[in-house]
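# Observations on the three-dimensional arrangement
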Amino acid sequence: MGDSIASEGDCEEQTFNCIDEANAIINDVKAHVAEICISSKLASDATQIYLNIRTIESATCCVQVTSRGFKIVSSLYDTVDADKRMAAKLHIDDEEEAAPEDDEEIFETPYALLDKISPRYVESFGNQLCQQLRQLQQMRTEFLEEEEEEEEEEDAD
């Protein structure tokens, strides 16, 4: 998270920030997954934290979050697999064999990771966005109606 050597106090602050970051991620995507939480069994430190995720499709995985990004480390909660063939275990591409370089796939955002492992994530995210746009449009319409009423009242005076 930081490029310079940190003092002990700085490490505590970075760990706190790592937890804050994880909580922000959880709050941001929780509507689009069946479950997401910080691993209670895998140790977190100033540079990494682990999240357990169950997708809408019920696939489970453990994700390592670092400054490099998001990396699936197991298809089981609270686990880091020695075997790096996560794509095969999660059945990400049933028809295609995962290339060796895919074993270490690191996603820049939680959205990119979810897009890869959960087809219904995109649908859920899109539905929420449409709902928010409809609400915004409704608020705008109500605002314009109120504005017109105020103008009519001013003209009547």
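Residues numbered from 1 in each chain as written. Predicted model: local features only at pLDDT ≥ 70, side-chain atom pairs only at ≥ 80, totals over all residues. Heavy atoms only, no water.

### A look at the packing of aromatic side chains
What counts, and what does not: Each Phe, Tyr or Trp ring (for Trp, its six-membered ring) is paired with any other whose centre lies within 6.5 Å, and the angle between the two planes then decides the class: stacked below 30 degrees, edge-to-face above 60, tilted in between. The numbering of helices and of strands both runs from the N terminus, where a helix is a DSSP run of H or I of at least 4 residues and a strand a run of E of at least 2. A simple rule labels every residue: compare its accessible area, found with a 1.4 Å probe on the protein chains alone, to the largest value its type can have, and call it buried under 20%, exposed over 50%, or partly exposed in between.
Scanning the model with the defined rule gives one aromatic pair in all. Between Tyr 121 and Phe 125, the ring centres sit 5.9 Å apart and the planes meet at 35°, which makes this aromatic pair tilted. Linking Tyr 121 with Phe 125, this pair stays in helix H4 (residues 119-156), spanning four residues, or about one helical turn. For Tyr 121, a relative accessible area of 4% gives the class buried.

### Some details on the confidence of the model for the chain
To be explicit about the condition: Each residue carries a pLDDT score, the predictor's own confidence in it, on a scale running from 0 to 100. Only heavy atoms matter for contacts: two residues are in contact if any of them lie within 4.5 Å across the pair.
Looking at the chain as a whole, its pLDDT mean stands at 81, while 76% of the residues score no less than 70. Here helix H2 (residues 86-90) stands out as the least confident element of the chain, with mean pLDDT 46; strand E1 (residues 35-38) is the most confident, with 97. The model gives residues 91-102 a pLDDT under 50, and that stretch makes six contacts with residues more than four places away or in other chains.

### Concerning the sheet that holds strand E2 (residues 48-54)
This is how it is decided: Any two strands are treated as partners once DSSP identifies two or more bridges connecting them. For every element, the axis is a line fit to its C-alpha atoms; helices are fit only across the contacting stretch, and the angle between N-to-C directions ranges from 0 to 180 degrees.
Spatial strand order, E1-E2-E3-E4: four strands in an open sheet with antiparallel pairing. Each end of this open sheet is capped by a strand with a single partner; those strands are E1 and strand E4 (69-74). Each strand of the sheet is rotated relative to its neighbour by a mean of 30°, with strand direction disregarded. Taken together, the four bridges between E1 and E2 define a ladder with antiparallel strand orientation. When the sheet's bridge partners are listed, Cys 37 is paired in E2 with Asn 52. Here helix H3 (residues 110-117) sits on the sheet in contact with E2, strand E3 (60-66) and E4, set at roughly 40° to E4.

### Quick word on the nonpolar core
The tendency in soluble globular proteins is for nonpolar side chains to be buried as a group. Let me state the cut-off plainly: Working definition of a nonpolar core: buried Ala, Val, Leu, Ile, Met, Phe, Trp, Tyr and Cys residues. They are joined through side-chain atoms within 4.5 Å.
The biggest cluster of nonpolar side chains holds 20 residues, and the ones touching the most others in it are Ile 53, Val 63, Leu 113 and Leu 114. Of all the secondary-structure elements, those providing two or more residues to this core are helix H1 (8-29), E2, E3, E4 and H3. Per element, the largest residue contribution to this core is five residues, and it comes from H1. Excluding its chain neighbours within four sequence positions, the residues that come into contact with Ile 53 are Val 33, Glu 35, Ile 36, Ala 59, Thr 60, Cys 61, Val 63, Tyr 77, Leu 113 and Leu 114.

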